[in-house]
Structures are given as structure tokens and as C-alpha cells.
Amino acid sequence: MSLQTHFIPSLIVFLLSFPRYYSLPGNSEASGYDASAGRVNPWYPSTIQGRNFGSKIMSSKMGRYLAAVKTFNVNDYGAKGDGSDATEAFNNAWKAACSSSQGSVLVVPKNKNYLLKPITFEGPCKSSIAVQIYGTLQASADRSAYSKDLTRWLVFENVQNLAVEGGGTINGNGKIWWENSCKVNDDLPCKDAPTALIFYNWDDCISIVSGSQKVQATGITCGPGHGISIGSLGDGNSEDHVSDVTVNGATLKGTTNGVRIKTWQGGSGSASNIKFQNIEMHNVKNPIIVDQKYCDQDKPCKSQSREVQVQNVLYQNIKGTSSSSEAIQIDCSEKFPCKGIVLQGIDLRVGGKAANAECNNAKITEKGNVSPSCT
């Protein structure tokens, strides 16, 4: 629903051929730029040809490495880092980095606070690009600044070979949106609020939407907010596809959802080959949820004859506490049931006791200890 503050020590999402994924690892040396020394590590890659970026390339083609890449510090383009508006400076720094024919690194220095109005970092860029955030990005609290599009704050669009990393803070300044939301006051109108970071969405900590392929996200710390989501998919009877997504290593605290797949009735396409692994839940309302009847609108959604197919999804080593009695909710379509759902090494509890699971219209395999169980 609204923007939140997110501390991101080591989030990695890699963009191979679509503009919608990002990465924020906290290890500066592993990402090519040594913030304390102000230099680029010499082995930083000029291209991304595999399933990872930087020092962790896992590919049959390792790519060509440069002796150095070109850095673009936002302070050199007029950003002060004192909490004043830095939108124009970031825009100019991005344009310079994106237009570089040499691999580039856009640097946001540590111990600085940069106020940003809605901004789109648009491609295509001439070469691979990394955005390294060591300081704090803070959303403008001026609601009128979002008048053109209430749903967006930070957007990466049409950018290939992108990594966003650094271990800094993205502060969505969400209090003003929650205070003016029907979700905390029934007398207020239900309106959109900005998503913090889009590759393409963030009232969820991470939202991976249609067109996303070969996405890896690791080392995520999230909360509050709506958790980690695939979708929503199929809105407006659209055909949507997401595939080959791995979320490995995450801690979620006090979120509405943990790991979620959400699809609208009436859509088509698929969400397939998805892995959620090594995830800790702390007081999460819906730790594991698949919702093929997602309906985020005022009027009830009508039953439809088409659905986005959900298949080949692994939930592995997911442990912790739920704030609701149903820690696992897998609610799939009768006409397009979920296929190939695997639960392995699950231990979710509520109030120190075993939680419940509700699983409908899904072919589920359980391996090892699974609590709660769908069988």
C-alpha cells in the first residue's frame, strides 16, 4: 500500500534481459566499488552474460573484465546529501552514467541523506551499469510531488545489465501515506500510494511482475510492508509471465505477507520455476501465500474462466512465527490448479504453538519436516 523504510544489507537481484530487477549487496568490494577508498575494484565486469553480477558470476560465459570502470558520484552533479532536494542531481548523474560506453558505477556516498521526488532512471544504457547506494535515499513528504503518478517513486525502466547494490537505506517516508489511507481509517478514501522501488513495484518489499525472468534476490531484510511478491499478474485480463525466480536468504519482520504469489482471475500466462529458500519470518501475518483469486478493488471480482498458471514452486527452509493462525495459504483455481508445489523443511508457529495450513486445488509434495502440513 505505502512506502516503508527498508534497510538492505545484501539484496541482490540481477537484470539479464528485462528492466525490472535489482540488487543491493552490502559488500562493497564484491560489487566493484570501494567506498572508503573511493575507487573501483579492477575486476569489475563490463558485461553480464550469466546469472549473477560482479564477483559471483555463474555462467558458461564469464564475460570480459575491465581494468577499471567509470564512476559517477551524485555529489559531483550537485547533490549535497544534507536532506535537500537532490532529484535533478541524480537525474543528471544517471544520464551521464547511462550514456557512458564504458561500464559505469553510479555512487551514492555513505553518511549522506538525499531527498528525492519521483524519478525514473530510464534506459537503454550504452553499457552495463551499477547503482551503489551507501547513503540514504529519502522520499519527499510532499504529496503533491506525486501528482503525475501516485504509484511511483524510484523507477528503473528499460535498463539492461543493471545492478543496484551497496547496503544503504531506502526510506519511503511511508507515514504520511498510511495516515491518509483507508487501511488505517475506514472513513478515508482508498487511493493508490507510491511504490518505493519499481523494476516494476513496492508497497511490497520486492515485487516481481510480468516480463521478469532469471531473477535472483539474496540477503533481504524487510519490514514493515507487504513482503515479497510475485505479481500481481493477469490484471485486466492480461497475459503475464514470470519465470526462473530465486529468493534465497531473507528476514521478514511484522509484514502483512511473507512470500506471496498473487494472480487475478481472467488473466492468462504463467508463474513458473520459482524458489523461496532460507527465509526467516518474525510475526508475519501470512508467511506463505498463493492467491489465484487476488482482487485488490472496491467491488468484488467476478469469477472468470481463465487464470494465470502457477507451477513448479519450491518453498524450502522457511521458519519462524506467524501472527495469524494460518501460516500457509495456497488457494488455487479449480480450473487451473497449481502444479508442482514443493514444501520442504517448513517450521512456522503462532504463539509458540503449531500453526494451520489451508491448501486448495494444488498438487503439493512435502519433503522432510513440514509444519504446518497441507496433507
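See the structure shown above.
Reading the values: rules and limits
- Residues numbered from 1 in each chain as written.
- Predicted model: local features only at pLDDT ≥ 70, side-chain atom pairs only at ≥ 80, totals over all residues.
- Heavy atoms only, no water.
- Pairing = 2+ DSSP bridges.
- Helix = DSSP H or I, 4+ residues; strand = E, 2+ residues; numbered from the N terminus.
- Axes fitted to C-alpha atoms, helices over the stretch in contact; angles between N-to-C directions.
- Core = buried A, V, L, I, M, F, W, Y, C linked by side-chain atoms within 4.5 Å.
- Buried < 20%, exposed > 50% of the residue type's maximum accessible area, 1.4 Å probe, protein only.
- Contact = heavy atoms within 4.5 Å.
- Disulfide = S-S within 2.5 Å.

1. Some details on the sheet that holds strand β4 (residues 70-73)
Overall, parallel pairing links the four strands, which are arranged β4-β6-β9-β12 in an open sheet. Of all the strands in the sheet, just β4 and β12 (162-165) have a single pairing partner and so form its edges. Geometrically, the sheet is characterised by an average inter-axis angle of 15° between neighbouring strands, direction not taken into account. Examined bridge by bridge, β4 and strand β6 (residues 104-108) share four bridges and lie parallel to one another. Counted as the bridge partner of Lys-70 is Ser-104 from β6.

2. Quick notes on the nonpolar core
Within soluble globular proteins, side chains that are nonpolar tend to cluster in buried spots. Formed by 41 residues in total, the largest nonpolar core has its most connected members in Ile-230, Ile-261, Phe-276, Tyr-315 and Ile-318. Tallying contributions element by element places strand β20 (residues 268-284) first for this core, with six residues. Dropping the residues within four chain positions of it, Ile-318 is found in contact with Val-259, Phe-276, Ile-279, Met-281, Ile-288, Gly-345, Ile-346, Asp-347 and Leu-348. Of all hydrophobic cores here, the second largest spans 32 residues; its members include Phe-90, Leu-116, Phe-121 and Ile-133.

3. Points about the state of the cysteines
Under the criterion given, the structure shown has four disulfides. Between the sulfur atoms of Cys-295 and its disulfide partner Cys-301 the distance amounts to 2.0 Å. Here the disulfide of Cys-295 and Cys-301 is right-handed, its torsion about the S-S bond being about 90°. On the basis of relative accessible area, Cys-295 is assigned to the partly exposed category, the value being 29%. Overall, the relative accessible area of 27% leaves Cys-301 in the partly exposed class. A sulfur-sulfur separation of 1.9 Å characterises the disulfide bridge that pairs Cys-332 with Cys-338.

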